[in-house]
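Listed here are the chains, written in short residue letters.
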Amino acid sequence: MPTDRGRILIIDDEDGIRELLTSEFSKLGYKTISAIDGEDALVKLNTEKVQVVITDMKMPKLGGLDVLKIVKDKSPESEVIIITGHATVEDAINAMRGGAYDFVQKPFNIDELTALVEKAMEKNELRIMVALHESSNAIFSSLDLENLFPIMISLLKDATNSKDVSVFLLDSNDLMYLASSSIPMFDSQRRYLEDFIGTLYNSTKKCVKAIFFDTEKPPSEFGKISLAKTEIKSVLLYPIVLRNKMLGYMLLTKSADQPLFVESDIKNVSIFVAQIAQAINNTKLYEKLKVKIAELEQTLVELESAKKKIQTLKEDTGSCL
């Protein structure tokens, strides 16, 4: 059974329920994380990214509706399934209004709950596919990177629930510059990030692999590279490469109130980056084509001018005979 089907957070103050759900979903290949109540879940959500949350309604400290609000604030793409042994119509209505995926009564049928989780996972995947479809449409409808980049990074930001997504490109002098970002930046912020990316580019042998890390525990090979002057907590850096040529980086960041990036984010980002690399290539080809067309037009103008001069010369020569 595969072990990468998705991540589930299970919240229940009953040990038996937590152990049952953890065991059943682990057998199906899901990565499971458990919490004994809402406050424990809040701690887990600060560092863990999950696609589905299964939570009890009635718990000490923070109940199911509180958990639902926290999840939707921190990770709006995550789906929440609420289970309860004391359901009321009002509870069900409040849960659905709060964005719950479904509301299940105890004792529940494990097969039915499993089917709900699978559908919730599919909905999460569908959201990514819709974003990719929209980005593909944007690429084929525009050859202007200034208009295209904001669309692409906005879609990627939503798909990964990032705080910010930025595109850095190499200029003709092999220096990194910020081409586009999902948030406005002051000149000082822009220079700081350009210095960070440039240092990273030069110190990690071009950094041709995707990486993600907690800024409090950066990889040792980064040396003194730091993002201490920013509110960035988690980083995902993906190189933009086309036909073995380095074009730049896609930088995704999260703040302290968001879950850290995880391995599955790399897969989603890789598809967007491949599209962006192709878009950059298409734009460069288009720019070269425009130069060629301009050169041909200039050649035609010169030929027409030469033709007129020859014709005038013939006319002048004929008038002298």
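Model, not experiment: these values are computed from the prediction.

Enquirer: Is there a simple way to think about the sheet that holds strand β7 (residues 176-181) in this case?
Expert: Pairing between the strands of a sheet comes from backbone hydrogen bonds, and it takes one of two forms, parallel or antiparallel. The 5 strands are arranged β7-β6-β10-β9-β8 in an open sheet whose pairing can be described as antiparallel. Each edge of the open sheet is held by one strand with a lone partner, namely β7 and β8 (211-214). Strand-to-strand, the axes of this sheet are offset by a mean angle of 20 degrees, without reference to chain direction. In terms of strand pairing, strand β6 (residues 164-170) meets β7 through 5 bridges, oriented antiparallel. For leucine 169, the partnering residue across the bridge sits in β7 and is tyrosine 177.

Enquirer: What am I meant to see in the packing of aromatic side chains here?
Expert: In this description, an aromatic ring pair is defined by two values, namely the gap between the centres and the angle between the planes. Counted by the stated rule, this structure contains 1 aromatic pair. Look at phenylalanine 25 and tyrosine 30: their rings are 5.9 Å apart centre to centre, the planes differ by 70 degrees, and that puts the pair in the edge-to-face class. Over the face of the ring belonging to phenylalanine 261 we find lysine 254, whose NZ or CZ atom lies 4.7 Å from the ring centre.

Enquirer: Just checking my understanding: could you explain the packing of helix α2 (residues 38-45) against helix α3 (residues 64-74) for this structure?
Expert: Any two packed helices are characterised by the angle at which their axes cross and by the distance between the axes. Axis separation between α2 and α3 bottoms out at 10 Å; the angle between their running directions is 10 degrees. It follows that α2 is roughly parallel to α3 by the angle criterion. Contact residues: Gly38, Leu42 and Leu45 in α2; Val67, Ile70, Val71 and Lys74 in α3. Here the contact of α2 with α3 is composed, by residue class, of 5 nonpolar, 1 polar and 1 charged.

Enquirer: Sorry if this is basic, but what is going on with the side chain of serine 78 here?
Expert: Residue placement: serine 78 occurs in the loop between α3 and β4 (79-84). Residue contacts for serine 78: discarding those within four places in its chain leaves Val50, Gln51, Val71, Lys72 and Asn124.

Enquirer: Sorry, what's going on with the sheet that holds strand β3 (residues 52-56) here?
Expert: Reading across the sheet, the 5 strands line up as β2-β1-β3-β4-β5 and stay open at both edges, with parallel pairing between neighbours. The strands lining the two open edges of the sheet, one partner per strand, are β2 (31-35) and β5 (102-105). Ignoring strand direction, the axes of neighbouring strands in this sheet form an average angle of 20 degrees. Pairing analysis gives 4 bridges linking β4 to β5, with the strands arranged parallel. Within the sheet, the bridge partner assigned to isoleucine 83 lies in β5 and is valine 104. Contacts from helix α1 (residues 15-27) reach β1 (7-11), β2, β3 and β4 within the one sheet, and its direction differs from that of β2 by about 170 degrees.

Rules and cut-offs
- Residues numbered from 1 in each chain as written.
- Predicted model: local features only at pLDDT ≥ 70, side-chain atom pairs only at ≥ 80, totals over all residues.
- Heavy atoms only, no water.
- Pairing = 2+ DSSP bridges.
- Helix = DSSP H or I, 4+ residues; strand = E, 2+ residues; numbered from the N terminus.
- Axes fitted to C-alpha atoms, helices over the stretch in contact; angles between N-to-C directions.
- Phe/Tyr/Trp six-rings, centres within 6.5 Å; stacked < 30°, edge-to-face > 60°.
- Lys NZ or Arg CZ within 6 Å of the ring centre and 35° of its normal.
- Parallel < 35°, antiparallel > 145°, perpendicular 65-115°, else oblique.
- Contact = heavy atoms within 4.5 Å.
- Nonpolar A, V, L, I, M, F, W, Y, C, P; charged D, E, K, R; others polar.

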